[in-house]
Amino acid sequence: MNFRQRMQQFMYGRNGFDQLGRFLILAALACALLGMLLPRTVYPLFLLLQYAALIYCIFRLLSRNVYQRQRENGWYLKKEQAVMRWFRSLKDRWQQRKEYKFFRCPSCHALLRVPRGKGKLVLTCRKCGNRFERKS
Ligand SMILES: [Zn+2]
């Protein structure tokens, strides 16, 4: 049996590497970098975070409780999607900034988009129906 086959046999029934594992590796690298760049007094904190992320990553990699590890990964993927959605919305708003103005509804905080240069407008929130006045 060669090394590859032995590794496959060892990893059989274990969780292995997933998106949360990748994130933990990147977080550990970020902590290592920050630890080097920031003042020496905070270095132990970043070292601790780095080791915690790596140990948790290895634990998840070797864990036989695949169901629980997949649930954790699912939770992580939901959070990642929310962050990516936020960045996409930021990018969209930046690209449309010359034609449109963006407002938040004062009562439900939904984002509203109105064309620029139309003077004072009474805006009606599509989500909650709240009406408020803004200059476009
Ligand atoms: Zn609203």
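The sections below set out a description of the structure shown in this document. Model, not experiment: these values are computed from the prediction.

**Considerations on the coordination of the zinc ion**
Looking at the zinc ion, the protein donor atoms are C105 (SG), C108 (SG), C125 (SG) and C128 (SG), and they sit 2.2 to 2.3 Å from it. For the zinc ion, the four donor atoms in the first shell make angles of 107 to 114 degrees at the metal, a pattern classed as tetrahedral. Positions of the donor residues of the zinc ion, expressed as sequence spacing, correspond to C-x2-C-x16-C-x2-C. You can see C108 sitting in the loop between β1 (100-104) and β2 (111-115) and its partner C125 sitting in the loop between β3 (120-124) and β4 (131-135), a full 17 residues away along the chain. Judged by relative accessible area, which is 23%, C108 ranks as partly exposed.

**Regarding the packing of helix α2 (residues 19-37) against helix α4 (residues 66-95)**
Where α2 meets α4, the axes come as close as 8 Å, and the angle between the chain directions of the two elements is 65 degrees. Taken together, the axes of α2 and α4 are roughly perpendicular relative to one another. Within the contact between the two elements, α2 uses Q19, L20, R22 and F23 and α4 uses E72, N73, Y76, L77 and E80. Of the residues belonging to the contact of α2 with α4, the class tally is four nonpolar, two polar and three charged.

Thresholds, definitions, all that
Residues numbered from 1 in each chain as written. Predicted model: local features only at pLDDT ≥ 70, side-chain atom pairs only at ≥ 80, totals over all residues. Heavy atoms only, no water. Donors = N, O, S within 2.8 Å, 3.2 Å for Na, K, Ca; no water. Tetrahedral: all angles 85-135°; square planar, octahedral: opposite > 155°, others 65-115°. Helix = DSSP H or I, 4+ residues; strand = E, 2+ residues; numbered from the N terminus. Buried < 20%, exposed > 50% of the residue type's maximum accessible area, 1.4 Å probe, protein only. Axes fitted to C-alpha atoms, helices over the stretch in contact; angles between N-to-C directions. Parallel < 35°, antiparallel > 145°, perpendicular 65-115°, else oblique. Contact = heavy atoms within 4.5 Å. Nonpolar A, V, L, I, M, F, W, Y, C, P; charged D, E, K, R; others polar.

These figures come from the coordinates and say nothing about function on their own.
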